[in-house]
Amino acid sequence: MGQKNYLDQKICLLSTGGVGSGKTVAICSSFTHMTLEGGITAVTSSGRTINCELVATNGCDVDHFHSTYFAMMSGKPFPNGNTENRTYELIFKLNGEIVCSIYYMDYPGGLTRKNVDNITREAEEEFNQMLVNSGILIYIVPGDILDAFIRLGGRGKDDFSDMTNEERENYLKINQEMNQIKTLMERADSLGSNAPVLFYVTKSDKIAYEKEIIPG
């Protein structure tokens, strides 16, 4: 199979999450780690070595990813996120061979909410189109939300009256996040999307119970 046929395979990835959840940080960090010294290498249980690498087709995107990542590592403020939809075209390589091209979309967190300033109809239509065509939906879960969920230890609305003020606040934050996920899933279903959802945890430094990340 020639390289042209590989490039005919295009996979759309949509990164979703609320305002300030870390969508922009996630793509910048992922891209940087998938390009440093030729990407990421792992050894399977059978002993096979696999190398995964991303290549940006646009040089401006390379500059954007690396400059943002370098700024974060230098102690500068984290990016505020996008004010408009931004789509990146990447090439995914496996053991040096091109597997497919990837279209990755990052969008303003407020786009999934109604009556938000600076969100145009065009931007919302572009988001919906990406939602329909995505092979994978990536939902960003902020580490502080996951930490709050773990700390509550499974307690719910029946325990609300016995919670401390801090626990109630955490419970309401979790409920808000869950409603955001449900809203996204409802929109995806209404548009006919059946893409699997990948949950991506950001701000992991805010999780006190690191061993509980996966169960949480």
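Thresholds, definitions, all that
Residues numbered from 1 in each chain as written. Predicted model: local features only at pLDDT ≥ 70, side-chain atom pairs only at ≥ 80, totals over all residues. Heavy atoms only, no water. Helix = DSSP H or I, 4+ residues; strand = E, 2+ residues; numbered from the N terminus. Buried < 20%, exposed > 50% of the residue type's maximum accessible area, 1.4 Å probe, protein only. Contact = heavy atoms within 4.5 Å. Areas by Shrake-Rupley, 256 points an atom, 1.4 Å probe, with all protein chains shown as cover. Pairing = 2+ DSSP bridges. Axes fitted to C-alpha atoms, helices over the stretch in contact; angles between N-to-C directions. pLDDT = per-residue confidence, 0-100. Parallel < 35°, antiparallel > 145°, perpendicular 65-115°, else oblique. Left-handed = near helix turned anticlockwise from the far one by under 90°. Nonpolar A, V, L, I, M, F, W, Y, C, P; charged D, E, K, R; others polar. Expected span 1.5 Å × (residues − 1). Arc of directions from axis to C-beta.

Draft legend 1. Seen up close, the overall build of the chain. Within the chain one finds six helices and seven strands. The linear arrangement of helices and strands in the chain, starting from the amino end, is α-β-α-β-β-α-β-β-α-β-α-α-β. The buried share of the chain, reckoned over its 216 residues, is 39%. Put simply, of all contacts in the chain between residues at least 6 apart along the chain, 69% involve residues at least 24 apart. For the chain, the computed accessible surface area is about 12900 Å², with 51% contributed by carbon and sulfur atoms.

Draft legend 2. Quick peek at the sheet that holds strand 1 (residues 10–16). The sheet built from seven strands is open, its strands ordered 2-3-4-5-1-6-7 with mixed pairing. Of all strands in the sheet, those with a lone pairing partner are strand 2 (40–43) and strand 7 (197–202), marking the two edges. Between one strand and the next, the sheet's axes are offset by a mean angle of 25 degrees, whatever the strand orientation. As paired strands, strand 6 (residues 134–142) and strand 7 are joined by six bridges and run parallel to one another. Paired with Tyr139 across the two strands is Phe199, which belongs to strand 7. Of the strands in this sheet, strand 1, strand 2, strand 3 (49–56), strand 4 (86–94), strand 5 (97–106), strand 6 and strand 7 are in contact with helix 2 (residues 23–33), which crosses strand 5 at around 160 degrees.

Draft legend 3. Here's a closer look at the confidence of the model for the chain. Of the residues in the chain, 85% reach a pLDDT of 70 or more, and the chain-wide mean stands at 82. Taken element by element, the predicted model of the chain shows its lowest mean pLDDT in helix 1 (residues 3–7) (48) and its highest in strand 3 (92). In this model residues 1–7 is a low-confidence stretch, pLDDT under 50, and it forms ten contacts with partners more than four residues away in sequence or in other chains.

Draft legend 4. Structural detail: the packing of helix 5 (residues 143–152) against helix 6 (residues 165–190). Taken N-terminus to C-terminus, the directions of helix 5 and helix 6 make an angle of 125 degrees; their axes are 9 Å apart at the nearest point. Taken together, the axis directions place helix 5 and helix 6 in an arrangement best described as oblique. In the crossing of helix 5 with helix 6, the sense of the turn from one axis to the other is left-handed. Contacts between helix 5 and helix 6 involve Ile145, Ala148, Phe149 and Leu152 on the former and, on the latter, Glu167, Asn170, Tyr171, Lys173, Ile174 and Glu177. Here the contact of helix 5 with helix 6 is composed, by residue class, of six nonpolar, one polar and three charged.

Draft legend 5. Spotlight on helix 4 (residues 121–133). With 13 residues, helix 4 should cover 18 Å at 1.5 Å per step; its first-to-last C-alpha distance of 18 Å lies within 8% of that length. Residues of helix 4 that are buried include every one of Ala123, Phe127, Met130 and Leu131, and no others. An end-on view of helix 4 places all buried positions within 105 degrees of arc, on one side of the element. The exposed residues of helix 4 that point more than 90 degrees off its buried face are Arg121 and Glu122. On its buried side, helix 4 packs onto strand 1, strand 5, strand 6 and helix 6.

Draft legend 6. Here's a closer look at the pairing of strand 3. Looking at chain direction, strand 2 and strand 3 are connected through four bridges and run antiparallel. Within strand 3, the residue paired with Ala42 across the bridge is Ile50. Where strand 3 meets strand 4, five bridges bridge the pair, whose relative direction is antiparallel. In the strand pairing of strand 4, Cys52 is matched with Leu94.

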